[in-house]
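# Residue-level structure breakdown
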Amino acid sequence: MDEVLAELSPRFTKMYAKRGRPSIAPERLLRALLLQVLYTIRSERQLMEQLDYNMLYRWFVGLNMDDPIWKVTVFTKNRERLLKGDIAQAFFEKVLNQARAQSLLSEEHFTVDGTLIEAWAGQKSFQRKDKPPPQDGGSNPTVNFHGERRSNQTHQSTTDPQAMLYRKSVGANPS
């Protein structure tokens, strides 16, 4: 990771102004984002909480024990700057390529934290297979499905046809 950060350093310099209020160093920001990915920390707010009390995380990111933790909004704004500049993607690709070159990755299994999956199928996207969708359309159509029994046999998502209905409550039959 240090090699990748050194390689990307000239790109960091171009992104940040010489004057004005100092922002989060991109190296620290990328290290924090790597922690978020590796330890499946669900939100930037939780990441800041972890950095506030986890000394190993502080050390990894490059913060001293008495350094203040960044405000979530400041972290988010700086993260967006890296994403717009394609720096974050270049960083993660290079780190992944290094891991692959050293045979640190396995193709045998695949684990996903469900909180990191972007879902395209909301409850309102599930429509009856035998009826056309409502005409009001838009991203949030008016659908009244109260009292209607829905299952994977009778309903399908209009936004993600592979999505399935599932009930998580105790004693309920999965759809």
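Refer to the structure above for everything that follows.
Rules and cut-offs
Residue numbers here run from 1 along each chain, matching the order of that chain's written sequence. Since the coordinates come from a predicted model, pLDDT governs what is reported: local features require at least 70, and pairs of side-chain atoms require 80 or more to be given and counted, while whole-chain, interface and lining totals use all residues. With hydrogens and water excluded, all non-hydrogen atoms of the structure serve as input to the side-chain values. Note on method: axes are straight lines fitted to C-alpha atoms, helices fitted across the in-contact stretch only, with angles between N-to-C directions ranging 0 to 180 degrees. Numbering of helices and strands runs from the N terminus, with a helix taken as a DSSP run of H or I at least four residues long and a strand as a DSSP run of E at least two residues long. The cut-offs work like this: below 35 degrees is roughly parallel, past 145 is roughly antiparallel, 65 to 115 is roughly perpendicular, and the gaps in between are oblique. Any two residues having at least one pair of non-hydrogen atoms within 4.5 Å are treated as being in contact. As a working rule, the residues Ala, Val, Leu, Ile, Met, Phe, Trp, Tyr, Cys and Pro are called nonpolar, Asp, Glu, Lys and Arg charged, and the rest polar, with Gly in that last group. Each salt bridge in this description consists of a side-chain nitrogen of Lys or Arg and a carboxyl oxygen of Asp or Glu lying within 4 Å of one another. Relative accessible area decides the class of each residue, using a 1.4 Å probe on protein chains only: under 20% of the type maximum gives buried, over 50% gives exposed, and in between gives partly exposed. Any helix carries an expected span of 1.5 Å times its number of residues minus one. Throughout, bend refers to the angle between the axes fitted to the seven residues that end at a position and the seven residues that start at it. Any pair of Phe, Tyr and Trp rings, taking the six-membered ring for Trp, is counted once the centres come within 6.5 Å. Such a pair is stacked with planes under 30 degrees apart, edge-to-face with planes over 60 apart, and tilted for the rest. The criterion is that NZ of a Lys, or CZ of an Arg, lies within 6 Å of the ring centre and within 35 degrees of the ring normal, and then a charge sits over that ring. N or O atoms closer than or at 3.5 Å make up a polar contact, with two conditions inside protein: a donor-capable atom paired with an acceptor-capable one, and, for residues adjacent in sequence, both atoms drawn from side chains. Each nonpolar core is a collection of buried residues, namely Ala, Val, Leu, Ile, Met, Phe, Trp, Tyr and Cys, held together in the definition by side-chain atoms within 4.5 Å.

Contact geometry of helix α1 (residues 2-15) with helix α6 (residues 87-101) gives a least axis separation of 10 Å together with a crossing angle of 170°. In terms of orientation, α1 and α6 fall into the roughly antiparallel class. Contacts between α1 and α6 involve Glu3, Val4, Leu5, Glu7, Leu8, Arg11, Phe12 and Met15 on the former and, on the latter, Ile87, Ala90, Phe91, Lys94, Val95 and Gln98. Its residues placed into classes, the contact of α1 with α6 shows 9 nonpolar, 1 polar and 4 charged.

Time to look at the pattern of salt bridges. Throughout the structure, instances matching the rule amount to 5 salt bridges. A salt bridge links glutamate 7 to lysine 94, with the shortest nitrogen-to-oxygen separation between them at 2.7 Å. Highlighted residues: glutamate 7 in helix α1 and lysine 94 in helix α6, separated in sequence by 87 residues. One salt bridge in this structure joins arginine 58 and aspartate 52, with 3.9 Å as the shortest N-O distance. For arginine 58, a relative accessible area of 6% translates into the label buried.

Moving on to the environment of glutamine 36. Tracing the sequence through the fold places glutamine 36 in helix α2 (residues 26-38). With relative accessibility at 14%, the residue glutamine 36 sits in the buried group. For the pair glutamine 36 and methionine 48, spaced 12 residues apart in sequence, the C-alpha separation works out to 10.0 Å. Discounting chain neighbours no more than four positions away, the residues touching glutamine 36 are Ile41, Arg42, Ser43, Glu44 and Leu47.

Next up on the list: α1. The terminal C-alpha atoms of α1 lie 19 Å apart, and with 14 residues this matches the ideal 20 Å at 1.5 Å per residue to within 8%. At serine 9, α1 is bent by approximately 45°, the largest bend along its length, and proline proline 10 sits one to four residues beyond. Buried-residue contacts for α1 involve α2 and α6.

On to unusual backbone geometry, then. You will see that threonine 40, though not glycine, has its phi angle at about 45°, which is positive. Looking at where threonine 40 falls in the secondary structure, it is placed in the loop between α2 and α3 (44-53). Note on threonine 40: relative accessible area 36%, which makes it partly exposed. Even without being glycine, serine 103 reaches a positive phi, approximately 55°. Looking at the element boundaries, serine 103 is found in the loop between α6 and β1 (126-128).

Aromatic ring pairs are described here by two measures, namely the spacing of the ring centres and the angle between the planes. All told, the structure shown has 3 aromatic pairs when counted by the stated rule. An angle of 40° between the planes, with centres 5.4 Å apart, marks the rings of tyrosine 39 and tyrosine 57 as tilted. Here tyrosine 57 lies in helix α4 (residues 55-61) and tyrosine 39 lies in the loop between α2 and α3, a separation of 18 residues in the sequence. An angle of 70° between the planes, with centres 5.2 Å apart, marks the rings of phenylalanine 91 and phenylalanine 92 as edge-to-face. The class of phenylalanine 92 is partly exposed, set by a relative accessible area of 26%. Over the ring of phenylalanine 60 we find arginine 31, and its NZ or CZ is 5.6 Å from the ring centre.

Turning next to the side chain of histidine 155. Positionally, histidine 155 belongs in strand β2 (residues 155-157). Engagement of the side chain of histidine 155 in a polar contact is seen with the side chain of threonine 154, the distance being 2.7 Å. Setting aside residues no more than four positions away along its own chain, histidine 155 makes contact with Phe126, Gln127, Arg128, Lys129, Glu148, Arg149, Arg150 and Leu165.

Turning next to the nonpolar core. Counting 28 residues, the largest nonpolar core has Leu30, Met48, Leu51, Trp70, Phe75 and Phe91 as the members making the most contacts within it. Of all the secondary-structure elements, those providing two or more residues to this core are α1, α2, α3, α4, α5 (72-84) and α6. Looking at this core element by element, the count peaks at 6 residues for α2. With sequence-adjacent residues up to four places away left out, methionine 48 is seen in contact with Ile69, Trp70, Val72 and Phe75.

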